[in-house]
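# Coordinates in review
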Amino acid sequence: FYYELHDPMAAVRFPRVGTTVPSIVRNLGTVYTTGFELAGELFVVPWLTVFGNYTFQDLEREDDVLENDLSPQHKGNVGFALTGKRKDHTVSVDLFALFVDTTDAPASGAKVPPYNLINGRIGYEYQDWAEVSVAVYNLGHDVHQEVIIGQELGTRILAKTTVKF
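Heads up: these notes are all about the structure in this document. (Residues numbered from 1 in each chain as written. Predicted model: local features only at pLDDT ≥ 70, side-chain atom pairs only at ≥ 80, totals over all residues. Heavy atoms only, no water.)

### Examining the overall build of the protein chain
Where we set the bar: Helix and strand labels come from DSSP, where a helix needs a run of H or I of at least four residues and a strand needs a run of E of at least two; each type is numbered from the N terminus. Burial status follows relative accessibility: with a 1.4 Å probe on protein chains alone, a residue under 20% of its type maximum counts as buried, one over 50% as exposed, and anything between as partly exposed. Two residues qualify as a contact provided that any one of their heavy atoms is within 4.5 Å of a heavy atom in the partner residue. Accessibility throughout is a Shrake-Rupley quantity obtained with a 1.4 Å probe, and a residue counts as covered only by protein chains that appear here.
What the protein chain contains, in helices and strands, is zero helices and 14 strands. Starting at the N terminus and ending at the C terminus, the protein chain contains elements arranged as β-β-β-β-β-β-β-β-β-β-β-β-β-β. Split into buried and exposed, the 165 residues of the protein chain put 26% on the buried side. Considering only intrachain contacts with a sequence separation of at least 6, the fraction spanning at least 24 residues in the protein chain is 44%. Working note: accessible area of the protein chain is about 11100 Å², and carbon and sulfur atoms make up 59% of it.

If you want it as C-alpha cells, here you go:
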C-alpha cells in the first residue's frame, strides 16, 4: 500500500508533562506511508482454523513538527480458533500471539520497546441471537506501553454480552 496524507492536524505542544490536552494544534506537512500486509487463514478441519498476519509500514513526514518514525515498522500475529456447534449452541475458543516492533521518536529520544502478547477469548452463543464471551488480553501479564506518551498496560479482561434483535 501507499498513501499520502496532506496537512493532517496534530497536537504539537502540551502545557504540562502527562497531560493530554494540547495547547497548540497545527497543520503538518505531508505524510507518506508505504508498506504491505500478508495474511492467511487455513481451515484445518470444520472446527479448527489457523491464521496469521504480518504488516510492514514505513512513514516519512515533510514537516518540522513531528518526527519520522512514530509508528512501529513490523507487526504480526498468529493463532487459532476452535468452534464447537451442537444444535442451537456454539462454543468458541480463540488464542493468538501478537508481536509489535519498536516505536521510535529519535529526535526526542522517546521509545516504546517491542512487545509480545498472548490474547485469548472464550464465547458461548445460543441460536444466532445471544452471545456471552470473555476475552483476556496479555495473558502473560507483560506490562508494556503501546504508544509513546501512553500509560503502561498489564492484563485486561473484557466480558461481553450481545443480544441481536
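What follows picks up the thread again.
### Quick look at the environment of N53
Note the following rule: What qualifies as a polar contact is a pair of N or O atoms within 3.5 Å, subject to a donor-acceptor requirement within protein and to the restriction that residues adjacent in sequence count only when both atoms come from side chains.
Turning to its location among the elements, N53 is positioned in strand β5 (residues 48–62). With near-sequence residues (within four places) excluded, N53 lies in contact with E37, L38, A39, K75, G76 and N77. Polar side-chain contacts of N53 include one of 2.6 Å to the side chain of E37.

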